[in-house]
Amino acid sequence: MSGAAEKGSTTTKTPGDFLKSIRGRPVVVKLNSGVDYRGILACLDGYMNIAMEQTEEYVNGQLKNKYGDAFIRGNNVLYISTSKRTLADGA
């Protein structure tokens, strides 16, 4: 019975596939501390170390800083999500 269910899914997306597909797109990176970083995902490695461009730092939902480039160490990352907003506001 479980074999039939496995045959039905011919294409399985892995987390690695997702991360490759969002490079160059706007993302939200949530840290363990609760701080959000929003910007363009430039690159990341197997340790989840992240390089971002046009980065904005949000603390408690409020914009605190804007950075050109930002580098985030992977062990601080809680999650990465695609952003629905555009970053064309004054860039």
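For the protein chain, an unreviewed UniProt entry supplies the name Sm domain-containing protein and the organism Corchorus capsularis. Reading the Sequence similarities (unreviewed entry) entry of the UniProt record for the protein chain gives the comment "Belongs to the snRNP Sm proteins family. SmF/LSm6 subfamily."

(A) Geometry of the pairing of strand E2 (residues 36-44). For strand E1 (residues 26-31) and E2, the ladder comprises five bridges, and the chain directions are antiparallel. Within E2, the position partnered with Lys30 by the bridge is Asp36. In this sheet, strand E3 (residues 50-59) lies alongside E2 in antiparallel orientation, the contact comprising seven bridges. By the bridge assignment, Leu41 is partnered in E3 with Met52. Between the antiparallel neighbours E2 and E3 lie five residues, among them Met48 with a positive phi of about 70°.

(B) Molecular detail of the pattern of salt bridges. On inspection of all chains with the given rule, the structure shows two salt bridges. As a salt-bridge pair, Arg38 and Asp36 come within 3.8 Å of each other at their nearest N and O atoms. One network of salt bridges, with partners in common, ties together Lys30, Asp36 and Arg38.

Parameters and conventions
Residues numbered from 1 in each chain as written. Predicted model: local features only at pLDDT ≥ 70, side-chain atom pairs only at ≥ 80, totals over all residues. Heavy atoms only, no water. UniProt positions renumbered as here; feature names shortened; annotations may be inferred. Pairing = 2+ DSSP bridges. Helix = DSSP H or I, 4+ residues; strand = E, 2+ residues; numbered from the N terminus. Salt bridge = Lys/Arg side-chain N within 4 Å of Asp/Glu carboxyl O.

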